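The primary structure of each chain is shown beneath.
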Amino acid sequence: SMQPQKALEAIGKSLQAQYERWQPRAKYRVSLDPTLEDVKKLCVSYRRTAKSERVLFHYNGHGVPKPTLNGEMWVFNKSYTQYIPLSVYDLQSWLSKPSIYVLDCPNAGTLMNAFQNFALQRYQESVGIPVVVQHPPGSKPPPSSIELRNAMQDVILLGACGMNETLPQNASLPADLFTSCLTTPIKIALRWFCARSLLKNEGLNLDMIDRIPGKQTDRKTLLGELNWIFTAITDTIAWNVLPRLLFQKLFRQDLLVASLFRNFLLAERIMRAFGCMPLSCPSLPPTHQHPMWHAWDLAAETCLAQLPGLLSGDPSIEYQPSSFFTEQLTA
């Protein structure tokens, strides 16, 4: 096992590399165990550099106190002797719009409620209409309205779980399960599937999942084909359940946003199995029981059945492409 500081650096580096795969041209900066001042400097400088482009803020809040009903997450003081609160109201000021917030922490729904209440309050103040303040801001979201829609325009929130929910603890899955679903979906989908599949009785194990051959971008390889199938299935689910305008906005306008929301559908499926309900704003209808997930399970099983042979070192064993797309076209 690693020293805590080394482990922290490895987690940060790995998360940055995962995001770079979705959006290689963007600029990234990892801030490990930051102070309040660190967060402020980083947010202000990134907004200045990004101008009118989207900024993504990813909060990995594991091992710190849970967010408060006042809409606060926790960061360190300058001497690293205690936690101090950071309000999402301040984050909104520093990051402005357009922006994406990924909140991977227990009680994430409380932060999302507060965020929307603060955004509505700012909007009401800016257009000179009476301000209705929810107390405490994290206790419930504001009622749906045109004002709220305007206030949240160009802002996307993705939260790991609802109010008063804790995150799943499972030895076969990572502690930051929500982040892993969003950034390494194929690996997590297969690890979860493997634990529930009969293939584990036929020589398939979790260690093999980490050694799947191929590249995500090469469809002729096992990993590449699984990536194509996963993209097709999650796109199909979204097309089936979302209003057309929302589908266009989330799945067809921005590569990173589309990837995050496709992977969010997976997060919802896996985390609901552990009693957690990931949340998004704009909110999506439930998709965790959509029948297309059975098609993914079947395709995953067919591909994974070949994995022990492909990893055996026998040069005569080659990957046999999946019949998934042919079957879907003739269905």
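Quick look at the structure, then. As the structure is a prediction and not an experimental result, all values here were calculated from the model.

**Comments concerning the nonpolar core**
Part 1 of the argument: Formed by 91 residues in total, the largest nonpolar core has its most connected members in Leu-91 and Trp-296.
Part 2 of the argument: No other element matches helix α11 (residues 255–272), which puts 10 residues into this core.
Part 3 of the argument: In contact with Leu-91, not counting residues within four places along its chain, are Val-39, Cys-43, Phe-57, Met-73, Leu-86, Ser-96 and Tyr-101.

**Quick word on the layout of surface pockets**
Part 1 of the argument: A volume near 1600 Å³ is recorded for the largest pocket.
Part 2 of the argument: If you go around the largest pocket, you meet 50 residues; those closest to its centre are Arg-29, Val-30, Leu-56, Phe-57 and His-58.
Part 3 of the argument: Among the secondary structure elements, those contributing two or more residues to the lining of the largest pocket are α1 (4–22), α2 (36–50), β1 (55–60), β2 (72–76), β3 (83–87) and α11.
Part 4 of the argument: Its residues assigned to classes, the lining of the largest pocket comprises 31 nonpolar, 11 polar and 8 charged.
Part 5 of the argument: Reported here for the second largest pocket is a volume of approximately 750 Å³.
Part 6 of the argument: Around the second largest pocket, the lining comprises 28 residues; the ones closest to its centre are Gln-116, Ser-280, Cys-281, Pro-282 and Ser-283.
Part 7 of the argument: Broken down by element, the residue count for the lining of the second largest pocket peaks at 4 residues, all from helix α4 (residues 108–127).

**Notes on the packing of aromatic side chains**
Part 1 of the argument: All chains considered together, the criterion is met by 12 aromatic pairs.
Part 2 of the argument: Ring centres 6.3 Å apart and planes at 90° place the aromatic pair Phe-178 and Phe-264 in the edge-to-face group. Note that Phe-178 is positioned in helix α6 (residues 177–183) and Phe-264 in helix α11, a separation of 86 residues in sequence. Summarising the burial analysis for this pair, Phe-178 and Phe-264 share the class buried.
Part 3 of the argument: Considering the side-chain rings of Phe-324 and Phe-325, the 5.0 Å spacing of their centres and the 80° angle between planes classify their relative orientation as edge-to-face.
Part 4 of the argument: Owing to a relative accessible area of 21%, Phe-325 belongs among the partly exposed residues under this scheme.
Part 5 of the argument: Aromatic rings pair up to connect Phe-178, Trp-239, Phe-247, Phe-251, Phe-261 and Phe-264 into one cluster.
Part 6 of the argument: In this arrangement the basic side chain of Arg-122 is found over the ring face of Tyr-89, its NZ or CZ atom lying 3.9 Å from the centre.

**Considering the pairing of β3**
Look at any regular strand and the pattern is simple: side chains alternate between the two faces of the sheet.
Part 1 of the argument: Across 5 bridges, the pairing between β2 and β3 is antiparallel. Its bridge partner lying in β3, Met-73 is registered against Leu-86.
Part 2 of the argument: Between β2 and β3, which pair antiparallel in sequence order, lie 6 residues; one of them, Tyr-80, sits at a positive phi of approximately 55°.

**Points about the state of the cysteines**
Part 1 of the argument: In total, this model carries 0 disulfides according to the counting rule given.
Part 2 of the argument: For the unlinked cysteine Cys-161, the closest cysteine sulfur is that of Cys-276, found at 4.9 Å.
Part 3 of the argument: Overall, Cys-161 belongs to the buried group, its relative accessible area being 0%.
Part 4 of the argument: Looking at Cys-281, it has no disulfide partner, and the nearest cysteine sulfur is the one in Cys-105, 16 Å off.
Part 5 of the argument: A relative accessible area of 12% places Cys-281 in the buried class.

**Notes on the side chain of Thr-183**
Part 1 of the argument: As for its position among the elements, Thr-183 is in helix α6.
Part 2 of the argument: Separated by 2.8 Å, the side chain of Thr-183 and the backbone oxygen of Thr-179 make a polar contact.

**Quick look at the packing of helix α9 (residues 222–241) against helix α10 (residues 244–251)**
Part 1 of the argument: Running from N to C, α9 and α10 cross one another at 150°; their axes reach a closest spacing of 8 Å. With respect to their mutual orientation, α9 and α10 come out roughly antiparallel. Touching Asp-235, Ala-238 and Trp-239 of α9 are Arg-244, Phe-247 and Phe-251, all from α10.
Part 2 of the argument: Taken together, the residues that form the contact of α9 with α10 break down as 4 nonpolar, no polar and 2 charged.

**Points about the environment of Leu-8**
Part 1 of the argument: Note that Leu-8 resides in helix α1.
Part 2 of the argument: Remark: the alpha-carbon pair of Leu-8 and Val-131, spanning 123 residues in sequence, is separated by 42 Å.
Part 3 of the argument: In contact with Leu-8, not counting residues within four places along its chain, are Leu-32 and Asp-33.

Thresholds, definitions, all that
- Residues numbered from 1 in each chain as written.
- Predicted model: local features only at pLDDT ≥ 70, side-chain atom pairs only at ≥ 80, totals over all residues.
- Heavy atoms only, no water.
- Core = buried A, V, L, I, M, F, W, Y, C linked by side-chain atoms within 4.5 Å.
- Buried < 20%, exposed > 50% of the residue type's maximum accessible area, 1.4 Å probe, protein only.
- Helix = DSSP H or I, 4+ residues; strand = E, 2+ residues; numbered from the N terminus.
- Contact = heavy atoms within 4.5 Å.
- 1 Å grid on protein atoms, 1.4 Å probe; cavity = no way out; pocket = protein on both sides within 12 Å on 5 of 7 lines; lining within 4 Å.
- Points joined across faces, edges and corners; volume = space filled by probe spheres on them.
- Nonpolar A, V, L, I, M, F, W, Y, C, P; charged D, E, K, R; others polar.
- Phe/Tyr/Trp six-rings, centres within 6.5 Å; stacked < 30°, edge-to-face > 60°.
- Lys NZ or Arg CZ within 6 Å of the ring centre and 35° of its normal.
- Pairing = 2+ DSSP bridges.
- Disulfide = S-S within 2.5 Å.
- Polar contact = N/O pair within 3.5 Å; in protein donor to acceptor, adjacent residues only side chain to side chain.
- Axes fitted to C-alpha atoms, helices over the stretch in contact; angles between N-to-C directions.
- Parallel < 35°, antiparallel > 145°, perpendicular 65-115°, else oblique.

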